[in-house]
Amino acid sequence: QVQLVESGGGLVQPGGSLTLSCAASGSIVSIYHMGWYRQAPGKQRELVAAITSGGMTNYADSVKGRFTISRDNAKNTVNLQMNSLKPEDTAVYYCNGVFRVTGNLPSNYWGQGTQVTVSS
């Protein structure tokens, strides 16, 4: 019922910046939560940052002070500004959200993922 499409991933040098964007489409009535997770090779998927429709945010300790999550509820999008990138930030980043669509209860959705590689 909801499709999440990520963009903005790529290769960047340590200390550089990238901005990820996630656009949600579908018969969305309400957005309760959107966020970003990441999964590096050999590791479990972990929360990077999350934001509620009201603007409350939550960050992983490893990215606090470097990453900023923002959202535009009217456009059903969420962005992740990543600064001072480190090699350990290398992972597949997944957009996630809890949405209510027409005729349904709130449900959780995932994007397909976008690769972020931090390397010199």
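Being a predicted model, the structure only gives us computed values, none of them experimental.

*Asks:* In this structure, what is going on with the sheet that holds strand E8 (residues 77–82)? I would like to understand it.
*Replies:* Working definition: the strands of a sheet are paired by backbone hydrogen bonds and lie parallel or antiparallel to each other. Read across the sheet, 4 strands follow the order E1-E3-E8-E7 without closing on themselves; strand pairing throughout is antiparallel. Bordering the open sheet on either side are strand E1 (2–7) and strand E7 (67–72), each of which pairs with just one other strand. Neighbour-to-neighbour, the strand axes of the sheet open up by a mean angle of 15 degrees, direction not taken into account. Bridge count for strand E3 (residues 18–26) against E8 is 6 bridges, and the pairing is antiparallel. Following the sheet pairing, Leu18 is matched in E8 by Met82.

*Asks:* Sorry, what's going on with the state of the cysteines here?
*Replies:* Here a disulfide denotes a covalent bond joining the sulfur atom of one cysteine to the sulfur atom of another. One pass over the full model with this rule turns up 1 disulfide. The residue that forms a disulfide with Cys22 is Cys95, at a sulfur-sulfur distance of 2.0 Å. The chirality of the disulfide connecting Cys22 with Cys95 is left-handed, given an S-S dihedral of about -85 degrees. With Cys22 in strand E3 and Cys95 in strand E9 (residues 91–101), the pair connects residues that are 73 residues apart, well separated along the chain. In this structure, Cys22 and Cys95 share a single accessibility class: buried.

Criteria and cut-off values
Residues numbered from 1 in each chain as written. Predicted model: local features only at pLDDT ≥ 70, side-chain atom pairs only at ≥ 80, totals over all residues. Heavy atoms only, no water. Pairing = 2+ DSSP bridges. Helix = DSSP H or I, 4+ residues; strand = E, 2+ residues; numbered from the N terminus. Axes fitted to C-alpha atoms, helices over the stretch in contact; angles between N-to-C directions. Disulfide = S-S within 2.5 Å. Buried < 20%, exposed > 50% of the residue type's maximum accessible area, 1.4 Å probe, protein only.

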